[in-house]
Amino acid sequence: MTAGYPHRHLLGIEPLEPSHIQAVLDTAEALREVLDRPIKKVPALRGKTVVNLFYEPSTRTRASFEIAEKVLSADSLSIATSTSSVLKGETLLDTARNLEAMNPDMIVLRHSASGAPHFLARHCRSAIVNAGDGAHEHPTQALLDALTLRQKKGRLDGLRVAIVGDLMHSRVARSNVWLLTKMGASVVLCAPPTLVPPGIEALAPVTYRIDEAVEGADAIMMLRLQQERMTGGYFPTLREYHARFGLTEERVRRARKDVLILHPGPMNRGVEIASEVADGPWSVILDQVTNGVAVRMAVLYLLLGGTEAD
Amino acid sequence: MPPTYRERQELMDADRLSRTLARMAHEILERHPDIRGTVLVGVRTRGVPLARRLAARLREAGGVEPPVGALDITLYRDDLTTVGPQPVLKGTDIPTSIDGRTVVLVDDVLFTGRTVRAALDELIDFGRPSRIELAVLVDRGHRELPIHADYAGKTLTTTRDETVQVLLEEDDGQDRVVLLERVAPPVRRAGPRARPKEARAAAGRRRR
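These numbers were taken from a predicted model, which means no experiment stands behind them. (Residues numbered from 1 in each chain as written. Chains lettered and ligands numbered in written order. Predicted model: local features only at pLDDT ≥ 70, side-chain atom pairs only at ≥ 80, totals over all residues. Heavy atoms only, no water.)

1. Some words on the overall build of chain B
Right, on to step 1. Across its full length, chain B carries 5 helices and 8 strands.
Right, on to step 2. Ordered by position from the N terminus, the helices and strands of chain B form the series β-α-β-α-β-β-α-β-β-β-α-β-α.
Right, on to step 3. Among the 208 residues that make up chain B, the fraction classed as buried is 52%.
Right, on to step 4. Of the contacts made within chain B by residues no fewer than 6 positions apart, 72% connect residues no fewer than 24 positions apart.
Right, on to step 5. Summed over all atoms, the accessible surface of chain B reaches about 9,100 Å², with 47% contributed by carbon and sulfur. (Helix = DSSP H or I, 4+ residues; strand = E, 2+ residues; numbered from the N terminus. Buried < 20%, exposed > 50% of the residue type's maximum accessible area, 1.4 Å probe, protein only. Contact = heavy atoms within 4.5 Å. Areas by Shrake-Rupley, 256 points an atom, 1.4 Å probe, with all protein chains shown as cover.)

2. Some points on the packing of helix 3 (residues 92-100) of chain A against helix 4 (residues 116-123) of chain A
All names here are of chain A.
Right, on to step 1. Taken N-terminus to C-terminus, the directions of helix 3 and helix 4 make an angle of 50°; their axes are 11 Å apart at the nearest point. When the interaxial angle is binned, helix 3 and helix 4 end up oblique. When the axes of helix 3 and helix 4 are compared, the crossing they make is right-handed. For the pair helix 3 and helix 4, contact is made by L92, L93, A96, R97 and E100 and by A116, F119, L120 and H123, respectively. (Axes fitted to C-alpha atoms, helices over the stretch in contact; angles between N-to-C directions. Parallel < 35°, antiparallel > 145°, perpendicular 65-115°, else oblique. Left-handed = near helix turned anticlockwise from the far one by under 90°.)

3. Description of the nonpolar core
Side chains of nonpolar character tend, in soluble globular proteins, to be buried together.
All names here are of chain A.
Right, on to step 1. Counting 121 residues, the largest nonpolar core has L143, L149, I163 and I220 as its most contacted members.
Right, on to step 2. Here the element with the most residues in this core is helix 11 (residues 285-304); it accounts for 12 residues.
Right, on to step 3. Contacts of L149, omitting those with residues within four sequence positions, involve G154, R155, L156, L159, V161, L180, A219, M221, L260 and L262. (Core = buried A, V, L, I, M, F, W, Y, C linked by side-chain atoms within 4.5 Å.)

4. As for the packing of helix 1 (residues 18-32) of chain A against helix 5 (residues 139-153) of chain A
Residues and elements named next belong to chain A.
Right, on to step 1. Contact geometry of helix 1 with helix 5 gives a least axis separation of 10 Å together with a crossing angle of 70°. On the basis of their axis angle, the class for helix 1 and helix 5 is roughly perpendicular. In the crossing of helix 1 with helix 5, the sense of the turn from one axis to the other is right-handed. Side by side, helix 1 and helix 5 meet where I21, Q22, V24, L25, D26, A28, E29 and R32 of the first sit next to L143, A146, L147, R150 and Q151 of the second.
Right, on to step 2. Among the residues forming the contact of helix 1 with helix 5, the class breakdown is 7 nonpolar, 2 polar and 4 charged. (Nonpolar A, V, L, I, M, F, W, Y, C, P; charged D, E, K, R; others polar.)

5. A short note on the sheet that holds strand 2 (residues 75-80) of chain A
Residues and elements named next belong to chain A.
Right, on to step 1. Ordered in space as 2-1-3-4, the 4 strands form an open sheet in which the pairing is parallel. Among the strands making up the open sheet, the edge pair consists of strand 2 and strand 4 (127-133). When the angles between neighbouring strand axes are averaged without regard to direction, this sheet yields 15°.
Right, on to step 2. Direction of pairing for strand 1 (residues 49-54) relative to strand 3 (residues 106-111): parallel, over a ladder of 5 bridges. Bridging from a neighbouring strand, V50 pairs with M106 of strand 3. (Pairing = 2+ DSSP bridges.)

Structure below.
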């Protein structure tokens, strides 16, 4: 049996083989137990330095990377660009090169530009982990969603998953579509026509009717309406959006009885998801958060734990 | 070119292995007549089935079966960042509190002692046992740390070019312990840890 993650970086789900995804999920599963120990710390990555470089706001992702780094004994520092020299006009590459001069082993990057981590990977020595790049990919989110589904359903293969909401601005949706289809699940996408990016129907079928999307679903992934990225009028009002595309209890009942509701957070309660659904028995939203730490530990371990990754 | 190994000598057949475990169980029982305060913890991979078998023997001999845990010491290895491709994690499972109890650590082969060092560090992160002892099926010498076995099924002198492979029904489909010797000298001077995965798999986990 091989460890099975042969890459130096984690830039996206799209270039990964199913076996690589499997390796990350299996490693995360083995590492989860560490979080339940009386002493939640193992010496695995002692002496490794990780820089968390966040060009966009984040609570969950950053906290979860930081906890994962601490649990594995890596030294980490987090840079939020809102309080850094980036405000003085330093370019991404200059910032990264200066950080690299301090010899980190890994840079975890969140950036508003699609492809920013790929750019760093070409110019930096460190291992690069994509923590969300523009509307492109958010690979660790897709991995933690998959880990949650696999834990609850015992498999990914053959699951029917509906992804509903702001597809246009969602890197989570893209990473999830790639991951789930690679692992044999069938995906249905649903959004208002104005929030369907061109070309996405090549990845998975699209419907404009949420009732149709959730019919018989094993899992429903809700996407946040990313109002901070919206420049035009994509829909009349939030109330109208909720009425047409919000996940309500009534709509959940169209799915399978044992349906799982996922949301990457932060939630707009009463917009894309009704409160009683977010807090209801189908919701695995908080399991997702716990699994987020395990998945990030797995990524750190797989990228920094060995020597022969190319 | 990974070095290849050939069998040099059979150290134990199934029958001998079974009798050895029975003897080890009796030695454990002799030192700990009240086995209830004892936990057996196997070091993955082959320490775990050995610990289970010892627990079953202890029940036969003493009436009580001690709890059995499994330790994956990968995250505590001193060579984790130089070991080659990331070792596959199998996870640790300690089913009961070890505070104030006697822990008998079980592994198949005792060699450099580095695995045991890692296992001790990991165990202590789970609590404060009153005592930790070490039981191994084979002690082949070459210690690099001040560690010794409290219970050894067999002690033998080996060279660095040899390796001891323990095969168990649970993992390998047969019960057998063999001494292997290296056939071709390695191209580069490689420590045991620099060897690729396949060779390590072929040689069992012995040269960790």
